[in-house]
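# A look at the structure
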Amino acid sequence: MNVETQNLHEQLERLQEALSTRQSTLHFAHAGVSLVVALIFGGATAKLFWDSARAPYVAWLGLALTVGLAIYALVRYRRGRTVLADELVRYETMLELRRRLRLDDPTALLPR
């Protein structure tokens, strides 16, 4: 194995290790859960506002919580998209390294 091939193998190992944990899925999961909880609190808050002649303090607290959770969901979603774009670029780089090293080529393993 020459030096260039060894460097490519090391780079491939680093990329595989970095891609082994998908951070984008964590961001998307946080966004989804936050959005569902925001919708639940939003519905409860809307019901409090609808049923009351004077809005109780709990309704205002619920509104603040709903808006805060919705903003948090939006931020996590945008961060997830950014991280996903980076992960896709690294994944394409990893596939190119695998092609250059001929790791997925079954004829490379056959004796000549």
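See the structure above.
Below is a summary of the structure that appears in this document. (Residues numbered from 1 in each chain as written. Predicted model: local features only at pLDDT ≥ 70, side-chain atom pairs only at ≥ 80, totals over all residues. Heavy atoms only, no water.)

Our focus in this paragraph is the nonpolar core. Note on soluble globular proteins: their nonpolar side chains tend to be buried together. Of all hydrophobic cores here, the largest spans seven residues; its members are Leu-8, Leu-12, Leu-15, Leu-19, Met-94, Leu-97 and Leu-101. For this core, the secondary-structure elements that each account for two or more residues are helix H1 (3-19) and helix H3 (57-101). Residue contributions to this core peak at four residues, all from H1. (Core = buried A, V, L, I, M, F, W, Y, C linked by side-chain atoms within 4.5 Å. Buried < 20%, exposed > 50% of the residue type's maximum accessible area, 1.4 Å probe, protein only. Helix = DSSP H or I, 4+ residues; strand = E, 2+ residues; numbered from the N terminus.)

Here we take up the packing of aromatic side chains. All chains considered together, the criterion is met by two aromatic pairs. Seen from their ring centres, Phe-28 and Tyr-77 are 5.7 Å apart, and the 50° between their planes marks the pair as tilted. Of this pair, Phe-28 sits in helix H2 (residues 23-51) while Tyr-77 sits in helix H3, and the two are 49 residues apart along the sequence. Note on Tyr-77: relative accessible area 39%, which makes it partly exposed. Ring geometry for Phe-49 versus Trp-60: centroids 5.1 Å apart, planes at 80°, classification edge-to-face. Of this pair, Phe-49 sits in helix H2 while Trp-60 is found in helix H3, placing the two residues 11 residues apart along the sequence. Here Phe-49 falls in the partly exposed class, since its relative accessible area comes to 29%. (Phe/Tyr/Trp six-rings, centres within 6.5 Å; stacked < 30°, edge-to-face > 60°.)

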